[in-house]
Amino acid sequence: MASNGSINSAIPSGPLADKWTKHKNESKLINPANKRKFSIIVVGSGLAGGSAAATLSELGYQVKCFCYQDSPRRAHSIAAQGGINAAKNYQNDGDSVWRLFYDTIKGGDFRSREANVYRLAEVSANIIDQCVAQGVPFAREYGGLLDNRSFGGAQVSRTFYARGQTGQQLLIGCYQALEKEIAKGGVKMYPRTEMLDLVVVDGHAKGIIVRDMVTGEISRHAADCVILATGGYGNVFYLSTNAKGCNVMAAYRAHKRGAYFANPCYTQIHPTCIPVSGDYQSKLTLMSESLRNDGRIWVPKSPEDAAAIREGRKKASDIPDEDRDYYLERKYPSFGNLAPRDISSRSAKEACDEGRGVAPTGLGVFLDFRDAIDRLGKDTIEARYGNLFQMYEKIAGTDPYTSPMQIYPAVHYTMGGLWVDYNLMSNVPGLHVLGEANFSDHGANRLGASALMQGLADGYFVIPATLPNYLAGETPGSVSTEHDAFAEAEAAVRERVDKLMSIDGKRTVDSFHRELGLLVWDKCGMARNEEGLKEALEKIPAIREEFWENVRVPGDSGNLNAELEKAGRVADFLEFAELLCYDALEREESCGGHFREEYQFTEDDEAVKTGHTGPGEAKRRDDEFCYVAAWESTGAGNKPKLHKEDLDFENVKLSVRSYK
Amino acid sequence: MNLTLKVWRQKNPDDHGRIETYEAKDIPEECSFLEMLDIVNERIITEGGDPIHFDHDCREGICGTCSLTINGIPHSKERGITACQVHMRKFRDGDTIWIEPFRARAFPIVRDLVVDRTAFDRIIAAGGYISVRTGSAQDANALPVSKDDADASFDAAACIGCGACVAACKNASAMLFVGAKASHLNHLPQGQPEKDRRVLAMVRQMDAEGFGNCTNQYECEAVCPKSISADVIAKLNRDYAIAVAKEATTAS
Ligand SMILES: Cc1cc2nc3c(=O)[nH]c(=O)nc-3n(C[C@H](O)[C@H](O)[C@H](O)COP(=O)(O)OP(=O)(O)OC[C@H]3O[C@@H](n4cnc5c(N)ncnc54)[C@H](O)[C@@H]3O)c2cc1C
Ligand code: FES
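Basis of the calculations
Residue positions are given per chain, counted from 1 along the sequence in the order it is written. Both sets of labels track the order of writing: A upward for chains, 1 upward for ligands. Selection of residues for local features in this predicted model requires a pLDDT of at least 70, selection of side-chain atom pairs for listing and counting requires 80 or more, and totals for whole chains, interfaces and linings are taken over all residues. Hydrogen atoms and water are omitted, and side-chain values are computed over all heavy atoms in the structure. By convention here, the domain bounds are inherited from an automatic or database domain assignment. For this analysis, residues touch if any pair of their heavy atoms sits within 4.5 Å. Buried area is a sum: the accessible area each of two parts loses on coming together, probed at 1.4 Å, counted once for each and added. Any carboxyl oxygen of Asp or Glu that lies within 4 Å of a side-chain nitrogen of Lys or Arg is treated as forming a salt bridge with it. Counted as a polar contact is a pair of N or O atoms within 3.5 Å, where, for protein atoms, one must be capable of donating a hydrogen and the other of accepting one, and residues adjacent in sequence contribute only when both atoms are in side chains. A run of H or I in DSSP counts as a helix once it spans at least four residues, and a run of E counts as a strand once it spans at least two, with each numbered from the N terminus. Asp, Glu, Lys and Arg are counted as charged, while Ala, Val, Leu, Ile, Met, Phe, Trp, Tyr, Cys and Pro are counted as nonpolar; the rest, among them Gly, fall into the polar class. Cavities and pockets are defined on a 1 Å grid built over the protein atoms alone: a cavity is a set of grid points where a 1.4 Å probe fits but cannot escape, while a pocket is an open set with protein on both sides within 12 Å along at least five of seven lines, and lining residues are those with an atom within 4 Å of any such point. Grid points are joined across faces, edges and corners, and a volume is the space filled by probe spheres set on the points. We call a residue near a given molecule or strand whenever any one of its heavy atoms falls within 4 Å of it. Note on areas: Shrake-Rupley with a 1.4 Å probe; residue coverage comes only from the protein chains shown. In this description, strands pair whenever DSSP reports at least two bridges between them. Under this scheme, a helix contributes an axis fitted over its contacting stretch, all axes are lines through C-alpha atoms, and angles between N-to-C directions fall in the 0 to 180 degree range. Oblique is the label for any angle not under 35 degrees, not over 145, and not in the 65 to 115 range, which are roughly parallel, roughly antiparallel and roughly perpendicular in turn. Accessible area is worked out with a 1.4 Å probe on protein chains only. A residue is then buried under 20% of its type maximum, exposed over 50%, and partly exposed in between. Handedness of a helix crossing follows the sense of rotation of the near helix relative to the far helix, less than a right angle counterclockwise being left-handed and clockwise being right-handed. A helix is expected to reach a length of 1.5 Å times the quantity of its residues less one. Here, the arc refers to the directions that run from the helix axis to the C-beta atoms.

A.B. asks: Requested: an account of the domain arrangement of chain B, with residues and values cited.
C.D. replies: It is common to report an interface's size as the accessible area lost on association of the parts. Residue and element names in this part refer to chain B. The assigned domain composition of chain B is domain 1 (3-111) and domain 2 (118-251). At the junction of the two partners, domain 1 supplies 17 residues and domain 2 supplies 20 residues. When domain 1 packs against domain 2, close to 1300 Å² is buried across both sides, 65% of that on carbon and sulfur atoms. Linking domain 1 with domain 2 are 0 salt bridges.

And the structure:
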């Protein structure tokens, strides 16, 4: 096992392509009679948690699964539209495990672990087999075989999809498997139940404290290990494409109990969302990236034309082709409109910063289907994107078949998350983290259709194989809820709930969340700089302080109380936001979703002179920053402590990420 | 725009519940229906009241969480959308809007507009799945599925489990929901081995949960945000009759 820096990533030795097989062969096993004796807590019922809970129960473990929605089927994974990647090479277009691996490493701007990513690419094919067997109705061709489409950052078609509802169909497959295990008695499901703290006994994760959101009852659950699959933290920005309930609480509570938080500053801004229209706005809606297969992104060449469009004096169709700037096609001819997300988003921001935005607020660019409709006909476009067009029309009130969509980037996904080793175990023994909640596979930027793949890889194929490496060293049922650590954690949770209820201030929870979100978006959003981050680090504690003095949580805690739930989540975002900014400040380079204005290519750089990249592109600093930043909590308000895991690239050559 | 809201308020499952009136003033017409409720709630909270509880999560019509009956119709009178996709530009200044929960015996009210739909989960647990152990699947393209079957299966699989069908039905029947699941799985070759078991188990669970019988009113189809066709009910009835007949033969 290689040890990296001060933290041990437990990456198996040997050639890249053999690591996973070798690791599985060398992993511990637990015999069937003993599996029954082990209990496992899974928090989260999305693709990662649901698939893990179902599979671990099939294997014979006793599983308890928790989610905050009224049904596990409603986890946020349901909202994914576009598709899921897999190295099947069904299109015979040259795809392979290696290519999916390489695209993912490069897409992540060389900030992820080779071994994890290779494993992800390797198991991707099994995921599709598994889902089809469960009855997931992927799109098919007339011959009855599975269809594929292309997604950003790839030059092959390896994305499987189910109309615009891929996440829903995958999650339903997973949910059905979970319900089957619930009926068999292998999984006990706790819907509308929120994890409020992690319980660590003698350094090992052995349980959680939860609140029943209907009765308000607070209770203890012990198990032989804990798995968190609680999704991402995009809602720290308040406005994002995430569901309203998405939160960082479970991960952040674990962080405060000792788990390292890795690379929080890697946040993904999705290029194709419906622009913000007013301050009442509660969330942003994504338009699937698949639209970029046929839609062309542009703004007028001149700010005057853009102003005319904003003010309603001109329409998109009044701008002749020679006056349009199809800026992605111009800057990245080989990838064009399918350039990766971070690059596409930043280009949209640049165009709008130059005064060429077309939405009434100035923050919006066109996504135009005129040429695709001329080429393929309206029917084909409708078959491909009908439901997305309909969704756009409902929200924006205009018809994308006749006038182009307006889009703008929005927070969408978070690559950072709790630090885990190759076994998906955090630095706290027994605490395992899956799906978007961990940091493991996407580096500084995730490629489209790869989150669903990772969630299901983690849950169906990785954790069932790696968990015994921890469990085999444990005596089943060794910890009960009577242990002092449970009493202490429960008391802390009760105190916090009581405190939130008793402040009785003047401002609503949402008003604090919005204030925080605007600040974080402004200073730690699509572009960041030292001054802004320092300013945010001064302002966040002030907002937090006011929150704890002036928030108003109405009602009582003994029944369903949505404001109390939100208050608990916002309280954690108010601490987490600082961690995010510390990480962004510390990483003095630009890579993937993290763009530091101080670090961009200029005309003087060799790579620009040779035409390899352009001025203004993100500049990585591999000599100093080729590591995972894993932060240890030192208590709210204190600067967290940085641990580094060096990233070794043995199989790919670090290069300037070019999509020209 | 200014609106008058008539909202169902009920503190907990035991409370009787009543309609209360709220004036919703200065609502931007670009906002969504749920954003309108957010604005009203912020005002209620600031004035020291208890906000209106309603379920929601994705706010884009896919998770099936939102469950409002707007002016007497589950989700709203607009076809093919969920309550969270309703926009205020569809209303007129001065309108009075009635907002109630999804009502059905099998969906007890938790609080205000929030109901308990776990009966749906228990129906799926009874048989709404294909048993396949993780890791035991064959190559995905080893089993071609005709595009027609795949499409028919998909049309039914689009169900988001919101329960509007039940709330719209005067018998509070769950046949559209159960039919959709049966059609999704029974249309596929992978779904054949468990087909009979599946329909028997799901229908029996549905009855045990207290959902009513279908008397072909088709209100369910009209309110379904995913426009699932009532044909799935006919198919379910056929599949069920066959399964019952087979069961009787094996039993005798
Ligand atoms: C609009 C949208 C479209 C997307 N489209 C795509 C796509 O096309 N392809 C792709 O690959 N990816 C896509 N993504 C990303 C992808 O959907 C997510 O990254 C992925 O589904 C996350 O899965 P998960 O299982 O890790 O978490 P989630 O699905 O978010 O599940 C989290 C679970 O944790 C539970 N939970 C959270 N906190 C607590 C707590 N404190 N207590 C108890 N339970 C808790 C929740 O109830 C839920 O069950 C999209 C994302 C969005 C927002
Ligand atoms: S909130 Fe998800 S469907 Fe309405």
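A.B. asks: Outline the interface of chain A and chain B, supporting the account with residue identities and numerical values.
C.D. replies: The interface of chain A with chain B comprises 74 residues on the first partner and 76 residues on the second. Roughly 6000 Å² of surface becomes buried between chain A and chain B when both sides are summed, with 53% attributable to carbon and sulfur atoms. When the area that chain A buries against chain B is broken down by residue, the three leading residues are Arg-74, Tyr-280 and Lys-394 of chain A, summing to 12%. The interface formed by chain A and chain B contains 7 salt bridges. A salt bridge links Arg-163 of chain A to Asp-155 of chain B, with the nearest nitrogen and oxygen atoms 2.9 Å apart. Our count for the contact surface shared by chain A and chain B stands at 42 residue pairs in polar contact (both at pLDDT 80 or more). A per-element tally of the side of chain A that touches chain B places helix α6 (residues 166-184) of chain A first, with 8 residues. Class assignment of the residues belonging to the side of chain A that touches chain B gives a composition of 28 nonpolar, 24 polar and 22 charged.

A.B. asks: A description of empty space enclosed by the protein should follow, citing residues and the corresponding values.
C.D. replies: For the structure shown, the criterion picks out 12 cavities of 30 Å³ or more. Estimated volume of the second largest cavity: approximately 660 Å³. What lines the second largest cavity is a set of 40 residues, among which Ala-562, Glu-565, Lys-566 and Arg-569 of chain A together with His-56 of chain B lie closest to the centre. Of all the elements in the fold, those that place two or more residues in the lining of the second largest cavity are α15 (509-524) and α17 (562-586) of chain A together with α1 (33-46) of chain B. For the lining of the second largest cavity, the leading source of residues is α17 of chain A, giving 7 residues. Class assignment of the residues belonging to the lining of the second largest cavity gives a composition of 14 nonpolar, 12 polar and 14 charged.

A.B. asks: Give me the lowdown on the site of ligand 1, citing residues and values where you can.
C.D. replies: If you check the shell around ligand 1, you find 39 residues, and the closest are Ser-45, Gln-69, Ser-77, Glu-436 and Leu-452 of chain A. Chains contributing residues near ligand 1 are chains A and B. For ligand 1, an oxygen atom lies 2.8 Å from a polar atom in the backbone of Gly-82 of chain A. Ala-451 of chain A is positioned with one of its backbone polar atoms (N or O) 2.9 Å from an oxygen atom of ligand 1. Here ligand 1, which alone exposes 1000 Å², has 98% of that area covered by the protein. Elements with a minimum of two residues in the shell around ligand 1: α3 (47-58), β8 (193-201), β17 (405-414) and α13 (451-471) of chain A. Of the residues in the shell around ligand 1, the class split is 17 nonpolar, 18 polar and 4 charged.

A.B. asks: Before we move on, could you go through the sheet that holds strand β7 (residues 187-190) of chain A and cite the residues and values that matter?
C.D. replies: Residue and element names in this part refer to chain A. One open sheet accounts for 5 strands, arranged β7-β4-β3-β11-β19; its pairing is parallel. The strands lining the two open edges of the sheet, one partner per strand, are β7 and β19 (431-433). Put simply, the sheet's adjacent strands are angled 20° from each other on average, direction ignored. Packed on one face of the sheet, α3 meets β3 (39-43), β4 (62-66), β7 and β11 (225-228) and runs near 160° to β4.

A.B. asks: Talk me through the packing of helix α5 (residues 175-186) of chain B against helix α8 (residues 231-251) of chain B; I want residue IDs and the actual numbers.
C.D. replies: Residues and elements named next belong to chain B. With their axes 8 Å apart at the nearest point, α5 and α8 run at an angle of 70° to one another. It follows that α5 is roughly perpendicular to α8 by the angle criterion. Contact residues: α5 offers Met-175, Leu-176, Val-178, Gly-179, Ala-180, Ala-182, Ser-183 and Asn-186, while α8 offers Val-232, Ile-233, Lys-235, Leu-236, Asn-237 and Asp-239. When the residues that make up the contact of α5 with α8 are grouped by side-chain class, the tally is 8 nonpolar, 4 polar and 2 charged.

A.B. asks: Can you lay out the environment of Ala-571 of chain A for me, pointing to particular residues and giving the numbers?
C.D. replies: All names here are of chain A. Mapped onto the fold, Ala-571 is located in helix α17. Note on Ala-571: relative accessible area 1%, which makes it buried. For the pair formed by Ala-571 and Ser-290, sequence separation is 281 residues and the distance between their alpha carbons is 36 Å. If near-sequence neighbours (up to four positions away) are discounted, Ala-571 is found in contact with Arg-496, Phe-547 and Trp-548.

A.B. asks: Tell me about the packing of helix α1 (residues 19-26) of chain A against α13 of chain A, and name the residues and values.
C.D. replies: All names here are of chain A. Direction vectors running N to C along α1 and α13 enclose 45°, while the axes themselves pass 9 Å from each other. Classed by the angle they form, the pair α1 and α13 counts as oblique. The interaxial crossing formed by α1 with α13 has left-handed handedness. Packed against α1, whose contacting residues are Trp-20, His-23 and Lys-24, the element α13 presents Phe-461, Val-462, Ala-465, Thr-466 and Asn-469 at the interface. A breakdown of the residues in the contact of α1 with α13 according to their chemical character gives 4 nonpolar, 3 polar and 1 charged.

A.B. asks: I'd like a description of α8 of chain B, backed by residues and values.
C.D. replies: All names here are of chain B. Its 21 residues place the ends of α8 30 Å apart at the C-alpha level, agreeing with the 30 Å of an ideal helix rising 1.5 Å per residue. Those residues of α8 that fall on the buried side of the exposure criterion are Val-232, Ile-233, Lys-235, Leu-236, Asp-239 and Ala-243. Axial view of α8: buried residues confined to an arc of 150°, hence all on one face. Of the exposed residues in α8, those oriented more than 90 degrees away from the buried face are Asp-231, Arg-238 and Thr-249. Among the structural elements, α3 (147-157), α5, α6 (195-208) and α7 (219-223) are those in contact with the buried residues of α8.

A.B. asks: Which residues make up the pairing of β11 of chain A, and what values do they have?
C.D. replies: All names here are of chain A. Covered by surrounding structure in β11 are Cys-225 and Ile-227 together with Val-226 and Leu-228, the residues of both alternating faces. Bridging between β3 and β11 involves 4 bridges; their strand directions are parallel. Within the sheet, the bridge partner assigned to Val-42 lies in β11 and is Ile-227.

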